[in-house]
Structure formats: structure tokens, C-alpha cells
Amino acid sequence: MDKYLILINKYNLLDEDTINKIYDGVIEANEGGIEYDGSLHRSEKLNGEVLSNFNQLRDELSKKGYNFFAESGFRGYNDQINLWFSRMIIASIDEYGHPLIKPAKYLVERLIAHLCIDDYPNWYKGNPIKKLEGILSVIGRTTEYDLENVRKKVEIEAAPPGASEHHLGMTFDIGLIDENGKNCDLTKPQYLKAAHDFINLAPDYGFILRYPNGKNVFTGCKEEIWHYRYVGNPEIAHDIMDNGLTLEEYHIAHTIMNNQELFEQLENGNLNYDILIPIIGEDATKMIKQNPDLLNDVRNYIKLKYENSKTR
Ligand SMILES: [Zn+2]
């Protein structure tokens, strides 16, 4: 498998050793990290090739008057554990916490994080849900916790350790700085045009929008208009983006195209949907079985590729 097309999601985890090796490579490529100047001082780490492409894209967009920057580059395994715990604590307080501490939940979360953060990695490898129940019982409960339910909600936005694209060093979140030096919220309507100008130009530099709107069946994530992934070259990035695919659908399409039997099954309308399970998990596969139209973008893509190969 092309290293640029590695699929990483809840069903395709990277192990801790691999992530540590990627980190060593990333550090070497960046000689210790990148500093972003201006009103925001951030030190982020990215794969060198990815960074150089991002810089070219950013320079091109600066001609249109935009001041984009990249943040949340590489994230380590333990960083993701800390993020996961902190999101779980906040979401649990939201869902089950005492009404009186709700307004101060970030303070509570920070206090807990401060007290416990060194132990998070060990807890995660043990029984993280049980540990969380223990912490939360200290700050008061109003009802029985259903932390598996909280986990489902949290993991739509924050991947569990090993499942974050940020482990790859080929992913970053974009930010935009306005003329007053302020960080803009790209989800606000007034920045929609800026976000779209970025999306339209990104494939020319090898980047795809990783979590587009309306595709969470495949990605398992909510829309994130700030999160980009490098896929190796502009041709593949356009192949994915221009056909309205996610990386998961691209993997599904190529699994089918590389296997004559599956290809014929798709043609005859009797595809064995179980081949989707290793890519997107059982729940999403079940949804697609019930509503096969969800695979239309994949079908159209395969049809297009088949027709192109005939006319060549
Ligand atoms: Zn991100």
C-alpha cells in the first residue's frame, strides 16, 4: 500500500511503536519543528514534503489576500490519550455532572487533568471507562453514568488513540488570521468563502478535505472544514476530491476494482457488503446494506474509471 494512502480510522489503528517511528522521521525532516510567527506563536511538526506543499499552497492563497496557517500537525500516541480523556471528562460532565459544577466544567477538567495526566497512558491501557467512572464519582453524580454512550458521542469528534489522522504527520488543521491579526472561526458564515477557496486549491498541492459534510457514514466523523490530509500528489488528490469521495470510499472503490469477482458482483447488484467491514466497521456496513444508494459515489467512480479505460 502506498504510504501516502494509509487509511487510519477507528477500524484501522496505528500502533504506538509505529507512531513513535513516524515521530522520529517527522522531527528529522523538520529539524525540530516549525515556528509560525505573527500574533499566534505555534510550534507544529509536519512531514517535510507535506510542509513544503502546504507552504506553496499558503503562498498561492496569500495572493488572494488570505493569511492561512497550519496547526495540529503531528500528534503522538500519548497526546491523543490526553485529548481523549479530557474530551471524555468534559462530555461526561455535560451529560451527567452535577448542575452546580457544569458552569465550571473546564476548570474541573483542567484540575483533574493536572492531577492525573501522567497516569493517563497507563489508564488507557487498563480500563479507561472504569477509571473515568472513578474520577467522575469524586465530583458528584446525579444519575448512573453510561460512559459507553458518552464515548460514542465523543469519538465522532475526537479519535481514540491510534485512530487519529494526526499520528501520520501528513495531516494538519488550517487556521486563518484576519487583517487585525485575530484567529478566525472558519465555521462562521463570513469565512465560508475563505474555506472554500482553500478547498478548491488544496488538491493542486496533494491535499484532500478528510472529513467532508454528509459523509460521516464512511469517515465516522462530523464535518471538519479545517482538517486536511496529504495523499502524495495532485493527481490522486483530484481523483478523490473531484469525484466527491472520502479516503474510505477511495479504498472501497479500489478494493472492488482490484478484484474481478467483486467487480462483477457490483455490476450484477449482489455485492458482498462484508468486504466493507475492515474499512468502515460493522455498523456503517449495516447501514449501507440497508441503503445501497450510499455507495453511489463509489459506483459512479468505478463506472467512470471503467469507461475511461475502454476509451484509452
Ligand atoms: Zn484535525
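Residues numbered from 1 in each chain as written. Predicted model: local features only at pLDDT ≥ 70, side-chain atom pairs only at ≥ 80, totals over all residues. Heavy atoms only, no water.

1. Points about the overall build of the chain
Here is step 1 of the chain: If you tally the helices and strands in the chain, you get 15 helices and 7 strands.
Here is step 2 of the chain: For the chain, restricting intrachain contacts to residue pairs at least 6 apart in sequence, the fraction spanning at least 24 positions comes to 71%.
Here is step 3 of the chain: A total accessible area of about 16,200 Å² is found for the chain, and carbon and sulfur atoms account for 48% of it. (Helix = DSSP H or I, 4+ residues; strand = E, 2+ residues; numbered from the N terminus. Contact = heavy atoms within 4.5 Å. Areas by Shrake-Rupley, 256 points an atom, 1.4 Å probe, with all protein chains shown as cover.)

2. Quick notes on helix α11 (residues 247–257)
Here is step 1 of the chain: Counted residue by residue, α11 has 8 buried out of 11 residues, so it is predominantly covered.
Here is step 2 of the chain: Those residues of α11 that fall on the buried side of the exposure criterion are Leu247, Glu248, Glu249, Tyr250, His251, Ile252, Ala253 and Ile256. (Buried < 20%, exposed > 50% of the residue type's maximum accessible area, 1.4 Å probe, protein only.)

3. Regarding the coordination of the zinc ion
Here is step 1 of the chain: For the zinc ion, the protein coordination sphere consists of His166 (NE2), Asp173 (OD) and His227 (ND1), at 2.1 Å.
Here is step 2 of the chain: Each donor residue of the zinc ion belongs to the same chain, with the gaps between them written as H-x6-D-x53-H. Of the two residues, Asp173 sits in strand β4 (residues 171–177) while His227 sits in strand β7 (residues 224–230), which places them 54 residues apart along the sequence. Considered together, Asp173 and His227 belong to a single accessibility category, that of buried residues. (Donors = N, O, S within 2.8 Å, 3.2 Å for Na, K, Ca; no water.)

4. Section: the packing of aromatic side chains
Here is step 1 of the chain: Summed over the entire model, instances satisfying the criterion amount to 13 aromatic pairs.
Here is step 2 of the chain: Geometrically, the ring pair formed by Phe68 and Phe198 is edge-to-face, given 4.8 Å between the ring centres and 65 degrees between the ring planes. Taken together, the residues Phe68 in strand β3 (residues 68–71) and Phe198 in helix α8 (residues 192–201) connect sequence positions 130 residues apart. Comparing Phe68 with Phe198 shows no difference in burial state: the two are buried.
Here is step 3 of the chain: When the centroid spacing of 5.2 Å and the interplanar angle of 90 degrees are considered together, the rings of Trp84 and Phe85 count as edge-to-face. Summarising the burial analysis for this pair, Trp84 and Phe85 share the class buried.
Here is step 4 of the chain: Ring pairing ties together the aromatic residues Tyr4, Phe54, Tyr66, Phe68, Phe172, Phe198, Phe207, Tyr228 and Tyr230, which thus form one cluster. (Phe/Tyr/Trp six-rings, centres within 6.5 Å; stacked < 30°, edge-to-face > 60°.)

Honestly, it's all geometry; don't read function into it.
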